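# Commentary on secondary and tertiary structure
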Amino acid sequence: MKTMHELRATFAGPGRVDWLGLRPARRAPVQRVPEVQAHPLVGLIGDHGKLAPPRLTALTGETGEAAQASRAAPVPGGPGRRQVTLIQAEHLPVIAALAGRAEVTPEQLRRNIVVSGLPLLALKDRRFQIGEVILEGTGECHPCSRMEENLGEGGYNAVRGHGGLTARVIQGGVIREGDEVRPLAGDGAL
């Protein structure tokens, strides 16, 4: 008989990225994209207007050279717990039924990545890989008041318990639609 720890580390198979979206600015409509660039300092490049941080100017080592203060603005979002939001494709029909709608789209739910074939909440407090990117599940992605605007009255409660997962970027790279989603081997709860 497996222990609880072993059960929590066992998955039927890998998941898959079905959809990707970026929000170019706060409250702007979510735009579907075929791929996204993930960066450990900011999350997804282009989401909420985030840009890759500027390169640091290195000292040449010449005598008398003084360090220069950085003129770069603070990085929005920083290395926070909510750099990336994910939702499970299998939950979209459930949310639609609870909201009394025929369907609910990823754009309405304002998440970055829709994943199928893998229970997302099992990745909470774990590291997992999507394509070449390594993410760390940091918590449940709770709904916000925008769900009432996007789904109508009761939209907030329709998403409760089905809102997905928040994550931070550990290793950057590109995520594409169709990429495999796989928990990292040997990575138990953090």
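Before going into details, it helps to say that this report is about the structure given with it. (Residues numbered from 1 in each chain as written. Predicted model: local features only at pLDDT ≥ 70, side-chain atom pairs only at ≥ 80, totals over all residues. Heavy atoms only, no water.)

### Details of the pairing of strand β9 (residues 165-171)
The sheet contact formed by strand β5 (residues 84-88) and β9 spans three bridges and is antiparallel. Bridge pairing links Val 84 to Ala 167 in β9. (Pairing = 2+ DSSP bridges. Helix = DSSP H or I, 4+ residues; strand = E, 2+ residues; numbered from the N terminus.)

### What about the state of the cysteines?
By the definition in use, this model includes zero disulfides. You can see Cys 141 has no disulfide; the closest cysteine sulfur is in Cys 144, sitting 8.4 Å from it. Of the residues examined, Cys 141 reaches a relative accessible area of 2% and is grouped as buried. (Disulfide = S-S within 2.5 Å. Buried < 20%, exposed > 50% of the residue type's maximum accessible area, 1.4 Å probe, protein only.)

### A closer look at helix α2 (residues 92-99)
Those residues of α2 that fall on the buried side of the exposure criterion are Leu 92, Ile 95, Ala 96 and Ala 99. Angular distribution of buried residues about the axis of α2 spans 100 degrees; they occupy a single face of the element. Counted as exposed and oriented over 90 degrees from the buried face of α2: Pro 93, Ala 97 and Leu 98. Buried residues in α2 make contact with β5, α3 (106-109), α4 (146-151) and α5 (155-159). Within two residues after α2, Gly 100 carries a phi angle of roughly 70 degrees, on the positive side. (Arc of directions from axis to C-beta. Contact = heavy atoms within 4.5 Å.)

### Focus on the sheet that holds strand β3 (residues 35-39)
If you walk across this open sheet you meet the three strands as β4-β3-β10, and the pairing is antiparallel. If you trace the sheet from one side to the other, it starts and ends with β4 (43-44) and β10 (173-176), each paired once. The sheet contact formed by β3 and β4 spans two bridges and is antiparallel. Among the inter-strand pairings, Ala 38 is bridged to a residue of β4, identified as Leu 44.

### Comments concerning the pattern of salt bridges
Following the criterion strictly, the structure yields nine salt bridges and no others. Residue Glu 149 pairs with Arg 27 through a salt bridge whose shortest N-O separation is 2.9 Å. Remark: Arg 27 occurs in the loop between β1 (15-22) and β2 (31-32) and Glu 149 occurs in helix α4; sequence separation between them is 122 residues. Overall, Glu 149 belongs to the partly exposed group, its relative accessible area being 49%. Salt bridges sharing partners connect three or more residues here, namely Arg 27, Arg 146 and Glu 149. (Salt bridge = Lys/Arg side-chain N within 4 Å of Asp/Glu carboxyl O.)

### A word on unusual backbone geometry
One non-glycine residue, His 48, lies in positive phi territory at about 60 degrees. Looking at where His 48 falls in the secondary structure, it is placed in the loop between β4 and β5. The class of His 48 is partly exposed, set by a relative accessible area of 38%. The phi torsion at Asp 125 lies on the positive side, around 65 degrees, for a residue other than glycine. Relative to the helices and strands, Asp 125 resides in the loop between β6 (113-116) and β7 (127-130).

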